[in-house]
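Residue-level listing of the chains:
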Amino acid sequence: MDEIIQNPFHLDYETLSLVDIVGQDEAAEYKTGLVQQTEDLLVRGILHRAGRAGFYHWKNQQRELLDWDEPTFRFSPVKKKIGLGLDSICKTLRVEKRVIITIQSLKSHWLIEVHNQQGSSTLQGDYLAGFVQEFCSWAGLGKFYRVVLERENLTSPGDFRIKIFKDPLDD
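Definitions and cut-offs
- Residue numbers restart at each chain and count upward from 1, following the sequence in its written direction.
- The predicted origin of the model limits local features to residues at a pLDDT of at least 70 and limits the giving and counting of side-chain atom pairs to 80 or more, whereas totals for whole chains, interfaces and linings rest on all residues.
- Heavy atoms throughout the structure, all of them, feed into the side-chain values; hydrogens and water do not.
- Nonpolar cores are built from buried Ala, Val, Leu, Ile, Met, Phe, Trp, Tyr and Cys residues. Side-chain atoms within 4.5 Å join them into one set.
- For every residue, the accessible area obtained with a 1.4 Å probe (protein chains only) is divided by the maximum for its type, and the residue is called buried under 20%, exposed over 50%, and partly exposed between those limits.
- Think of it this way: any DSSP run of H or I at least four residues long counts as a helix, any run of E at least two long counts as a strand, and we number them from the N terminus.
- By the convention used here, residues are in contact when the closest approach between their heavy atoms is within 4.5 Å.
- Distance and chemistry together define a polar contact, namely a pair of N or O atoms within 3.5 Å, with one atom able to donate a hydrogen and the other to accept it when in protein, and with adjacent residues in sequence counting only for side-chain atoms on both sides.
- Only protein atoms enter the calculation, which uses a 1 Å grid: trapped sets of points that fit a 1.4 Å probe without letting it out are cavities, open sets showing protein on both sides within 12 Å along at least five of seven lines are pockets, and any residue with an atom within 4 Å of a point is a lining residue.
- Grid points are joined across faces, edges and corners, and a volume is the space filled by probe spheres set on the points.
- Put simply, Ala, Val, Leu, Ile, Met, Phe, Trp, Tyr, Cys and Pro go in the nonpolar bin, Asp, Glu, Lys and Arg in the charged bin, and everything else, Gly too, in the polar bin.
- Pairing of aromatic side chains here covers Phe, Tyr and the six-membered ring of Trp, requires ring centres within 6.5 Å, and sorts the geometry by plane angle: under 30 degrees stacked, over 60 edge-to-face, intermediate tilted.
- The criterion for a charge sitting over a ring is simple: Lys NZ or Arg CZ within 6 Å of the ring centre, and within 35 degrees of the ring normal.

## Brief notes about the nonpolar core
- Core analysis: the largest hydrophobic core is formed by 39 residues, its most contacted members being Leu128, Phe135, Ile162 and Ile164.
- Counting residues per element, the ones that place at least two in this core are α2 (13-22), α3 (24-33), α4 (41-66), α6 (78-97), β2 (109-115), α7 (125-139), β3 (147-150) and β4 (160-165).
- When residues in this core are grouped by element, the largest group, 8 residues, is from α7.
- With residues up to four places along the chain from it excluded, the contact list for isoleucine 164 reads Leu86, Ser108, His109, Trp110, Ile112, Val132, Cys136, Tyr145, Arg146 and Val147.

## A closer look at the environment of serine 76
- For serine 76, the position within the fold is in the loop between α5 (71-74) and α6.
- The exposure class assigned to serine 76 is buried, which follows from its relative accessible area of 11%.
- Between the C-alpha atom of serine 76 and that of alanine 139, which follows or precedes it by 63 residues, the distance is 9.9 Å.
- A polar side-chain atom of serine 76 sits 2.5 Å from the main-chain carbonyl oxygen of threonine 72.

## Considerations on empty space enclosed by the protein
- Evaluated as defined, the whole model comprises 1 cavity of 30 Å³ or more.
- What the largest cavity holds in volume is close to 40 Å³.
- Residue lining of the largest cavity: Lys59, Arg63, Leu66, Trp68, Asp69 and Trp138, and that is the complete set.
- The element that contributes the greatest number of residues to the lining of the largest cavity is α4, accounting for 3 residues.
- In the lining of the largest cavity, the residues fall into 3 nonpolar, no polar and 3 charged.

## Overview of unusual backbone geometry
- Residues other than glycine seldom take positive phi values, yet aspartate 67 does so here, at roughly 60 degrees.
- One non-glycine residue, arginine 98, lies in positive phi territory at about 55 degrees.
- Its place among the elements puts arginine 98 in the loop between α6 and β1 (100-105).

## Points about the packing of aromatic side chains
- Taken as a whole and judged by the stated rule, the model has 13 aromatic pairs.
- Taking the centre distance of 5.5 Å and the plane angle of 10 degrees together, the rings of tryptophan 68 and phenylalanine 73 count as stacked.
- Tryptophan 68 gets classed as buried once you look at its relative accessible area, which sits at 4%.
- Using a relative accessible area of 6% as the deciding quantity, one classes phenylalanine 73 as buried.
- A network of ring pairs unites the aromatic residues Tyr13, Phe55, Tyr56, Trp58, Trp68, Phe73, Tyr127, Phe131, Phe135 and Trp138 as a single cluster.
- Looking at lysine 166, its charged tip hangs above the ring of tryptophan 110, at a distance of 5.1 Å from the centre.

Listed below in structure tokens is the structure:
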């Protein structure tokens, strides 16, 4: 694990999470082949799982900026904590990836919309779906939250929506 940290290629949370899922030798190859196979179900599943692993790497890298260790966040009711956290994630990714990303709190779910911009880092929908699903589980006391990725009826092919249902599946 020490050699992963020392290699600058592995400093970003997305790569660290791919290394967790497919191994160090396969991560670079997987990342380069990703562009051609984004609709393959196996690729999408690996991206979702990598997103779940990536949340913890990202949280550790962003820990001081997030204020999630503060009592006002930690002791908030679960749905409020998840809503605040999703908002923080969206704000951070908006700056980090230079994408248009919005979040709405609706009656039954939170809705995240992502519009990838030309010249910005591409944010993968399956990766982000796994990422926010793991955040919700972390913030939601270990409960499992249903997440649905939607790509249809959007203005651009790279755009997507993620619905995160507010009621956990294992309640």
